[in-house]
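Structure assessment
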Amino acid sequence: MSDIDEVFTKLGFGKMQFIILFSCFNLQIWMTNEQLGFGVVIAGASCEMRIHDRRLAWLMAASFAAQMVSCFLWGELADVYGRRRIIMITSIVANIVSILSACVPEFWGFLFLRSVGGFFIAASVVCLMTYLSEFTKISLRPRVLTIMSFSLGLSMIYVPCLAGVLLPLRMEPSSWRILLLCNQVPGIIGIIILIFLPESPKYYLSINKQEKAMQVMERICRMNKGKEVTLNSLGVESLTQPRLRQPSQKHGSCYETKVLLLNHAKIMWFFFIIFFSLSGLGFALPIWMLRVRVLTATFPDWDTICSHMDEVSPDSRGHIECHLTYEQMRDPMIHGCVVLALFMVTTVILTWLSRRVVIIGFICISIVGCVALNFMEHPNLILISFFAIIDPLICSVRLAGSMLIDLVPTHLRGKVFALISMTGRAGVLITSVYVGYTLSHICYVTFNIFIIVLIVTGCHVYWLPSEFQRTSFAN
């Protein structure tokens, strides 16, 4: 029997992996459009939907609460029915629901449909990195997953650029509705490509379907090496992988979840804390950054954010223009460029430094950004401080995810990523509601609490073992 990771090394990172990467890349752009890019849509919809701070907080909370509730369901189904099938079905449903939400005339219907969309998009959040990683040899996995994360930066450039063109227009239907429809295009492209792609061979091995795993690997072999090359010609007659679940081994969703939370409690709880904090701040704050920048844009004098927020009522929309300008989209465009550049730099840094060291370094940068927001008055310095908080944490979430994939055997990955994604979504939900209810009342507390949270998170990353004992998750 040949180890499947050794076979992937022989086959290299070829045509099949590039096509899978392109599909996942487009799906990740769409997912980012639907989550981080949604803040730009809301900025354009604030007048028509009468969205003030608390409505914004609950709109984001409802979407991420739906994701949090559904994550474990999708993780279970992905381990049973396969990653590709779950991604494809749920992405189609989420895409349709998002298109319908662009047609809703009032806030509460919009809130409902965004929550339903969040319920189904959670499946891609749970499964997408796992699906791509299971076609990639271990040594390339961190860099390939980081390259897929370039899509976050591209999405954060794509949405504001399109918004800068559409939102200033006075048109029917409203320009923000057209923007929301345009945000679905990358998802449609990714789904169409995914239809023609195979299921993960590692998933087939995890459910003891050797023949189907061989068929998928044969297809990869022919695409990467040419039609004349077969697995037999490379000396591969059958496949195996480390830490396969034995047929006689007791299993079941409740049993395996119990094993994860009890037998491996220390490492799992470390990852819960890490994902809660990094996801909460990294994915909730970009929406509030745009909100704050738009709210404070018309103040004539330079001052700190908190001084400006003292003058804004929490239930008002401040001085927001109903038709935003291209200039107001410049900050999100710059933000996307910074995120993209940071992921590129991270890809290079990983050549020399371990993921744990990089994450700790990024957390330190975010702490400096939180401190700086207390004092910065110039609008550009405030923007840089926000970038320093948010962008390193977004990169850190992806790096922590790749660490977890390496740690967990195939038959547990869906469940583990579901649990971690639930924790991350809980972080986003709580952070969003917390900022919504404190920003206009106790602004200085809002950002300084994050310093304490980041210090605790950095300590937990430091306490993670530098060399994971993979066999510890085998049973």
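Note that the structure is a prediction, hence the values are computed from the model and not measured.

1. Description of the overall build of the protein
- For the protein, the count of helices and strands is 20 helices and two strands.
- The buried share among the 475 residues of the protein stands at 62%.
- In the protein, once contacts between residues fewer than 6 apart in sequence are set aside, the share between residues at least 24 apart is 84%.
- Of the roughly 18,500 Å² of accessible surface on the protein, a fraction of 66% belongs to carbon and sulfur atoms.

2. Concerning the nonpolar core
- Phe110, Met217, Phe271 and Ile305 are the most contacted members of the largest nonpolar core, which has 154 residues in total.
- Of all the elements, helix α14 (residues 265–296) adds the most residues to this core, at 17 residues.
- The two domains that each donate at least three residues to this core are domain 1 (1–238) and domain 2 (254–474).
- For Ile305, the contacting residues outside a window of four places in its chain are Val292, Leu373, Met376, Ile382, Phe386, Cys443 and Phe447.

3. Observations regarding the confidence of the model for the protein
- This prediction gives the protein a mean pLDDT of 83; 88% of its residues lie at or above 70.
- Across the protein, the secondary-structure element scoring lowest on mean pLDDT is helix α13 (residues 253–263), at 69, and the one scoring highest is helix α10 (residues 185–195), at 95.
- Low pLDDT (under 50) marks residues 316–320, which in the prediction has 15 contacts with non-local residues, meaning those over four places away or in another chain.
- Per-residue pLDDT stays below 50 along residues 467–475; that stretch engages in 23 contacts with residues further than four places along the chain or on separate chains.

4. Overview of the packing of helix α5 (residues 83–101) against α10
- Contact geometry for α5 and α10: axes closest at 10 Å, N-to-C directions at 150°. Seen along the crossing, α5 lies across α10 with a hand that is left-handed. In contact with Arg84, Ile87, Met88, Ser91, Ile92 and Asn95 of α5, α10 contributes Gly187, Ile188, Ile191, Leu194 and Ile195.

5. Side note on α5
- Relative to the 27 Å expected for 19 residues at 1.5 Å per residue, α5 spans 27 Å between its end C-alpha atoms, a close match to the ideal helical length.
- Those residues of α5 that fall on the buried side of the exposure criterion are Arg83, Arg84, Ile86, Ile87, Met88, Thr90, Ser91, Ala94, Asn95, Val97, Ser98 and Ser101.

6. Some thoughts on the packing of aromatic side chains
- A complete count under the given rule lists 14 aromatic pairs for this structure.
- The interplanar angle of 40° and the centroid separation of 5.8 Å between the aromatic rings of Trp74 and Phe120 together place this pair among those described as tilted. Note that Trp74 is positioned in helix α4 (residues 53–81) and Phe120 in helix α6 (residues 107–133), a separation of 46 residues in sequence.
- Judged by relative accessible area, which is 7%, Trp74 ranks as buried.
- Both rings, one in Phe119 and one in Phe120, keep their centres 5.3 Å apart while their planes meet at 75°; by these two values the pair is edge-to-face.
- Among the aromatic residues, ring-to-ring pairing joins Phe386, Tyr434, Phe447 and Phe450 into one connected group.
- Of note, Arg356 hangs over the ring of Tyr462, and the distance from its end group to the ring centre comes to 6.0 Å.

7. Comments concerning the environment of Ser70
- Position of Ser70 among the secondary structure elements: in helix α4.
- According to the relative accessible area criterion, Ser70 is buried, its value standing at 1%.
- In this structure, the C-alpha to C-alpha distance between Ser70 and Phe119, residues 49 residues apart in sequence, is 5.7 Å.
- Non-local contacts of Ser70, meaning those with residues more than four positions away in its chain, are made with Gly118, Phe119 and Ala122.

8. Some words on unusual backbone geometry
- Unusually for a residue other than glycine, Asn208 sits at a positive phi of about 65°.
- Structurally, Asn208 can be placed in the loop between α11 (201–206) and α12 (210–225).

9. Some words on the packing of α5 against α6
- In contact at an axis separation of 8 Å, α5 and α6 are set at 155° when each is read in the N-to-C sense. Here α6 runs roughly antiparallel to α5, going by the angle between their axes. The two elements α5 and α6 cross, and the hand of that crossing is left-handed.
- Its residues placed into classes, the contact of α5 with α6 shows 15 nonpolar, seven polar and three charged.

10. Considerations on the side chain of Thr130
- Counting through the fold element by element, Thr130 comes out in helix α6.
- With a relative accessible area of 2%, Thr130 lands in the buried category.
- In this structure, Thr130 is in contact with Arg83, Ile405, Arg413 and Phe417, ignoring residues within four places of it in sequence.

Rules used throughout
Residues numbered from 1 in each chain as written. Predicted model: local features only at pLDDT ≥ 70, side-chain atom pairs only at ≥ 80, totals over all residues. Heavy atoms only, no water. Helix = DSSP H or I, 4+ residues; strand = E, 2+ residues; numbered from the N terminus. Buried < 20%, exposed > 50% of the residue type's maximum accessible area, 1.4 Å probe, protein only. Contact = heavy atoms within 4.5 Å. Areas by Shrake-Rupley, 256 points an atom, 1.4 Å probe, with all protein chains shown as cover. Core = buried A, V, L, I, M, F, W, Y, C linked by side-chain atoms within 4.5 Å. Domains from an automatic or database assignment. pLDDT = per-residue confidence, 0-100. Axes fitted to C-alpha atoms, helices over the stretch in contact; angles between N-to-C directions. Left-handed = near helix turned anticlockwise from the far one by under 90°. Expected span 1.5 Å × (residues − 1). Phe/Tyr/Trp six-rings, centres within 6.5 Å; stacked < 30°, edge-to-face > 60°. Lys NZ or Arg CZ within 6 Å of the ring centre and 35° of its normal. Parallel < 35°, antiparallel > 145°, perpendicular 65-115°, else oblique. Nonpolar A, V, L, I, M, F, W, Y, C, P; charged D, E, K, R; others polar.

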